[in-house]
Amino acid sequence: MEWFSSLQPWLQSLLATIFTYGMTAAGAALVFFSKKFNQRVLTVMMGLAGGIMIAASFFSLLMPAIENCESTGRSPAPILTIGFLAGGAFIVVSDIVMNRMNTFKNARSKSGFLLTAAVTLHNIPEGLAVGVAFGSVVAGTQSSLIAAVMLAVGIGIQNFPEGLCISLPLRNQGMSIGKAFFIGQMSGAVEIEIGRAVQQEC
């Protein structure tokens, strides 16, 4: 931790997003070992990912945001509410737009695209979250660095089943193993650039 804390914030953010991307790629790589995967195990992994992200969203994002607002004498309620609703609206609108697209050969290809696009889109705010978390370290404390690291770890853990949930269905639809893995791991690549750019802006 001492070595990591001695790095420049932009490098910390870069390494953190490389880790979250790497976990996506690791999950997608499971497609090389099995065409089929126990659905119960996959369901448990997705449930675990959801629980981790709920906790990470609150303790590593919402709580620090509340503390930052209160430290400047501003009321956190309206600011956080606007940001929270705007983020949710972005995901909902994106989902609606993708579902209305009619440029697919069949239902299977459409479902594969929608799943890939949905995971990739929601990786954008994850990259934003990591970038903001490490950007706040510049004016923060050691505890804020720990919170940023834990957020990145949480996102990385929940990215693992996401990579699998993209590559495995694509493989089951007849796509080659290499192409299914490539698309699965690329869904997490957006986090690296988004996280780096946001951290620099902070």
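Scroll up to find the structure.
Reading guide: rules and limits
- Residues numbered from 1 in each chain as written.
- Predicted model: local features only at pLDDT ≥ 70, side-chain atom pairs only at ≥ 80, totals over all residues.
- Heavy atoms only, no water.
- Helix = DSSP H or I, 4+ residues; strand = E, 2+ residues; numbered from the N terminus.
- Polar contact = N/O pair within 3.5 Å; in protein donor to acceptor, adjacent residues only side chain to side chain.
- Buried < 20%, exposed > 50% of the residue type's maximum accessible area, 1.4 Å probe, protein only.
- Contact = heavy atoms within 4.5 Å.
- Core = buried A, V, L, I, M, F, W, Y, C linked by side-chain atoms within 4.5 Å.
- Patch = residues over 30% accessible without salt bridge, like charges linked within 9 Å, V, L, I, M, F, W, Y side chains within 5 Å.
- Areas by Shrake-Rupley, 256 points an atom, 1.4 Å probe, with all protein chains shown as cover.
- Salt bridge = Lys/Arg side-chain N within 4 Å of Asp/Glu carboxyl O.
- Phe/Tyr/Trp six-rings, centres within 6.5 Å; stacked < 30°, edge-to-face > 60°.
- Axes fitted to C-alpha atoms, helices over the stretch in contact; angles between N-to-C directions.
- Parallel < 35°, antiparallel > 145°, perpendicular 65-115°, else oblique.
- Left-handed = near helix turned anticlockwise from the far one by under 90°.
- Nonpolar A, V, L, I, M, F, W, Y, C, P; charged D, E, K, R; others polar.
- Arc of directions from axis to C-beta.
- Expected span 1.5 Å × (residues − 1).

Draft legend 1. Region of the structure containing the side chain of serine 187. Structurally, serine 187 is set in the loop between helix H7 (177-186) and helix H8 (190-201). Looking at serine 187, its side chain comes within polar contact range of the main-chain oxygen of glycine 184, at 2.6 Å.

Draft legend 2. Local environment of the environment of serine 187. Relative accessible area serves as the criterion here: at 1%, serine 187 is assigned to the buried category. For the pair serine 187 and alanine 117, spaced 70 residues apart in the sequence, the C-alpha separation amounts to 7.9 Å. Contact partners of serine 187, with chain neighbours within four places excluded, come to Thr24, Val119, Thr120, Asn123 and Ile166.

Draft legend 3. Layout of the nonpolar core. In this structure, Phe4, Ala16, Val130, Phe134, Leu145, Ala148 and Leu151 are the most contacted members of the largest nonpolar core, which totals 13 residues. Elements that contribute at least two residues to this core include exactly helix H5 (107-135) and helix H6 (142-172). With five residues, the single largest contributor to this core is H6. Judged by nonpolar contacts, the second largest core, of five residues, contains Val31, Val119, Ile166 and Ala180.

Draft legend 4. The arrangement of a nonpolar patch on the surface in detail. There is a patch of nonpolar side chains on the surface, built from Phe19, Leu48, Val153 and Ile157 and spanning about 310 Å² of accessible area. Residue placement: valine 153 occurs in helix H6.

Draft legend 5. Region of interest: the packing of aromatic side chains. With the rule as written, the count across this model stands at two aromatic pairs. Measuring from ring centre to ring centre gives 6.0 Å for phenylalanine 4 and phenylalanine 134, while their planes differ by 75°; the resulting arrangement is edge-to-face. Linking phenylalanine 4 in helix H1 (residues 2-5) with phenylalanine 134 in helix H5, this pair joins segments that are 130 residues apart in sequence. Neither residue differs from the other here; phenylalanine 4 and phenylalanine 134 are each classed as buried. The interplanar angle of 50° and the centroid separation of 5.2 Å between the aromatic rings of phenylalanine 32 and phenylalanine 181 together place this pair among those described as tilted. Placement of phenylalanine 32 in the loop between helix H2 (9-29) and helix H3 (39-71) and of phenylalanine 181 in helix H7 is noted, with a sequence separation of 149 residues between them. When its relative accessible area of 23% is taken as the criterion, phenylalanine 181 is described as partly exposed.

Draft legend 6. Here's a closer look at the side chain of threonine 24. Here threonine 24 lies in helix H2. Classification of threonine 24 by relative accessible area gives buried; the value is 1%. For threonine 24, the residues in contact, after removing those within four places along its chain, are Asn159, Gly163, Gly184, Gln185, Ser187 and Gly188.

Draft legend 7. Region of interest: the packing of H2 against H7. Following both chains from N to C, one finds H2 and H7 inclined at 155°, their axes separated by 8 Å at the closest point. Relative to H7, H2 is oriented roughly antiparallel. Helix-helix and strand crossings are classified by hand; for H2 and H7 the assignment is right-handed. Counted together, Tyr21, Thr24, Ala25, Ala28 and Ala29 of H2 and Phe181, Gly184 and Gln185 of H7 form the full contact between these two elements. Within the contact of H2 with H7, the residues separate by chemical class into five nonpolar, three polar and no charged.

Draft legend 8. Just H7, in detail. Those residues of H7 that fall on the buried side of the exposure criterion are Ala180, Gly184 and Gln185. Along the axis of H7, the buried residues cluster in a sector spanning 120°; they form a single face.

Draft legend 9. Representation of H2 in the model. In a regular helix each residue adds 1.5 Å, so 21 residues correspond to 30 Å; H2 covers 30 Å between its end C-alpha atoms and thus fits that length. Buried within H2 we find Gln12, Ser13, Ala16, Thr17, Thr20, Thr24, Ala25, Gly27 and Ala28.

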